[in-house]
Amino acid sequence: MNKTQQQKVALVAGASGIVGSQLVKTLLQNEWEVIGLSRNALSHPDNIQVVNVDLLDAQNSAQALQPLSRITHIFYSAWVNAANWTEMVEPNVTMLRNLVSNIEKMAPLQIVSLMQGYKVYGAHLGPFKTPARESDPAIPGAEFNVAQLTWLSHFQRGKTWHWNANRPGVVGSAVPGNAMNLAMSIALYASLCKAQDLPLRFPGSEQTWHSIVDHTDAGLLAEATLWAATSPAAENQAFNVNNGDIWRWSELWPHIARWFELEYAPPVRLSFHQLFKDYRTTWRELAGQRLMETDILQLNDGSFADFVFGWDYDMFGDGSKLRRAGFTRMQATHEMFFSLFTQLRAARIIP
């Protein structure tokens, strides 16, 4: 049986995150067999098999992964936090290494797909060259995405399998309970403004108001990840993955305000994290018996939104390499937000 005939079996690390959860759905829709990895969870909303493993523990990894002898594709979007960027490197490289080195020994591995981000371009450090391109020179200093790809590309040399790396902008998703869901933060903030009869004031500086941030729809990202995992043109390549359009917040914010039937107001620095704590009782009253979750902090704590709205510089990449290689889908960013807000309302997450 050749590679095209072989049943594709995906192992998804980070299967419950805003990236991994949509990827699982997309893989299942394309008739893949999907197995998730988790340190603690016993089940997954899409009823896929879940394997419990502590990837930081070499012995536990070897034991837990040993039965997975049919894996053809690893999709890696797991990560572990630490006190600073330097301390994030060692554990995150260790997790990837323990996974890949064990699976390749026992399974007909074809592809390792690594989820990255614009931190590889130094985006987390301050203003950086935009548009960021995959050919840009490396940035000195400790960063776990860079360290992971350095290890993976070296480990792959001489092997029959290949790697690819995907670098999204800010990911748009309707998954609740994830700290990195910007659309959720905005939807909660807009709902509170509407309940308080306040305009939708932009929560950043004047510089941020005029800056560019590119976005990546989670569905588009999942499709691009699937394409890269099955296309020879993507072997041992990294790709920026974004919606394909460019917006300044000053253009996008009024569209968001109009969707919620709100006026918008000039920028001022606000902390979503603090607002959500301050309005915790207000949200509980607003939710009442109508909404699925009465504790706003269980939906989102606003910390990632504060991070994003603290960027007073442009944050966007050139997504043309991906399209030139063969993946052609694009997504209008304002329509992405409208779709996500509609999903959140239909799920009774926002009023």
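Residues numbered from 1 in each chain as written. Predicted model: local features only at pLDDT ≥ 70, side-chain atom pairs only at ≥ 80, totals over all residues. Heavy atoms only, no water.

**Details of the packing of helix α5 (residues 182-195) against helix α10 (residues 280-287)**
Helix-helix packing: each pair is described by the crossing angle between the helix axes and the interaxial distance.
Reasoning step 1: Look at α5 against α10: their axes get within 11 Å of each other, and the N-to-C directions meet at 80°. With respect to α10, the axis of α5 lies roughly perpendicular. Mapping the contact onto sequence places Leu-188, Ser-191, Leu-192 and Ala-195 in α5 and Thr-282, Trp-283 and Leu-286 in α10.
Reasoning step 2: Split by residue class, the contact of α5 with α10 holds five nonpolar, two polar and no charged. (Axes fitted to C-alpha atoms, helices over the stretch in contact; angles between N-to-C directions. Helix = DSSP H or I, 4+ residues; strand = E, 2+ residues; numbered from the N terminus. Parallel < 35°, antiparallel > 145°, perpendicular 65-115°, else oblique. Contact = heavy atoms within 4.5 Å. Nonpolar A, V, L, I, M, F, W, Y, C, P; charged D, E, K, R; others polar.)

**Some remarks on the sheet that holds strand β4 (residues 73-76)**
Reasoning step 1: Taken in spatial order, the seven strands line up as β3-β2-β1-β4-β5-β6-β10 in an open sheet, and their pairing is parallel. For this open sheet the edge positions go to β3 (49-52) and β10 (237-241), each flanked by a neighbour on one side alone. Put simply, the sheet's adjacent strands are angled 20° from each other on average, direction ignored.
Reasoning step 2: One ladder, built from four bridges, connects β4 with strand β5 (residues 111-115); its direction is parallel. Following the sheet pairing, Phe-75 is matched in β5 by Ser-113.
Reasoning step 3: Set on the sheet, helix α4 (residues 144-156) makes contact with β4, β5 and β6 (162-168); between it and β6 the angle comes to about 165°. (Pairing = 2+ DSSP bridges.)

**A closer look at the pairing of β4**
Reasoning step 1: Residues His-73 and Phe-75 point to one face of β4 and Ile-74 and Tyr-76 to the other, with burial holding for every one of them.
Reasoning step 2: The pairing of strand β1 (residues 9-13) with β4 spans four bridges and is parallel. For Ala-13, the partnering residue across the bridge sits in β4 and is Tyr-76.
Reasoning step 3: Handedness of the β-α-β unit built from β4, helix α3 (residues 85-106) and β5 comes out right-handed. (Buried < 20%, exposed > 50% of the residue type's maximum accessible area, 1.4 Å probe, protein only. Right-handed = clockwise from strand over helix to strand, strands pointing away.)

**What about helix α2 (residues 58-65)?**
Reasoning step 1: Among the residues of α2, those classed as buried are Ser-61, Ala-64 and Leu-65. End-on view of α2: buried residues confined to an arc of 85°, all on one side of the axis. For α2, the exposed residues lying more than 90 degrees away from the buried face are Gln-59 and Gln-63.
Reasoning step 2: On its buried side, α2 packs onto β2 (33-38), β3 and α3.
Reasoning step 3: Where α2 begins, one side-chain oxygen reaches toward the backbone nitrogen of Gln-59, 3.0 Å away; that side chain belongs to Asp-57. (Arc of directions from axis to C-beta. Polar contact = N/O pair within 3.5 Å; in protein donor to acceptor, adjacent residues only side chain to side chain.)

**Side note on the environment of Val-112**
Reasoning step 1: Along the chain, Val-112 turns up in strand β5.
Reasoning step 2: By relative accessible area, Val-112 is classed as buried at 0%.
Reasoning step 3: Beyond its immediate chain neighbours, meaning those up to four positions away, Val-112 contacts Ile-74, Val-100, Leu-152, Trp-161, His-162, Trp-163 and Asn-164.

**Some details on the packing of helix α1 (residues 20-29) against helix α7 (residues 218-230)**
Reasoning step 1: Axis separation between α1 and α7 bottoms out at 9 Å; the angle between their running directions is 55°. By the angle between their axes, α1 is oblique relative to α7. Remark: the crossing between α1 and α7 carries right-handed chirality. Contacts between α1 and α7 involve Gln-22, Leu-23, Thr-26 and Leu-27 from the first element and Ala-218, Gly-219, Ala-222, Glu-223, Thr-225 and Leu-226 from the second. (Left-handed = near helix turned anticlockwise from the far one by under 90°.)

**Comments concerning the pattern of salt bridges**
Reasoning step 1: Considering all chains together, one arrives at ten salt bridges under this definition.
Reasoning step 2: When the shortest N-O distance is used, the salt bridge between Asp-136 and Lys-129 registers 3.0 Å.
Reasoning step 3: One continuous salt-bridge network, built from bridges that share partners, spans Asp-217, Glu-223 and Arg-329. (Salt bridge = Lys/Arg side-chain N within 4 Å of Asp/Glu carboxyl O.)

**A look at the packing of aromatic side chains**
Reasoning step 1: Counting across every chain of the model gives 24 aromatic pairs.
Reasoning step 2: Note on Trp-259 and Phe-260: the rings are 4.8 Å apart at their centroids and 75° apart in plane angle, and the pair reads as edge-to-face.
Reasoning step 3: Owing to a relative accessible area of 22%, Trp-259 belongs among the partly exposed residues under this scheme.
Reasoning step 4: Geometrically, the ring pair formed by Phe-272 and Phe-276 is tilted, given 5.6 Å between the ring centres and 35° between the ring planes. Note that Phe-272 and Phe-276 are positioned in helix α9 (residues 272-278) at a spacing of four residues, about one turn of the helix. With respect to class, Phe-272 is no different from Phe-276; both count as buried. (Phe/Tyr/Trp six-rings, centres within 6.5 Å; stacked < 30°, edge-to-face > 60°.)

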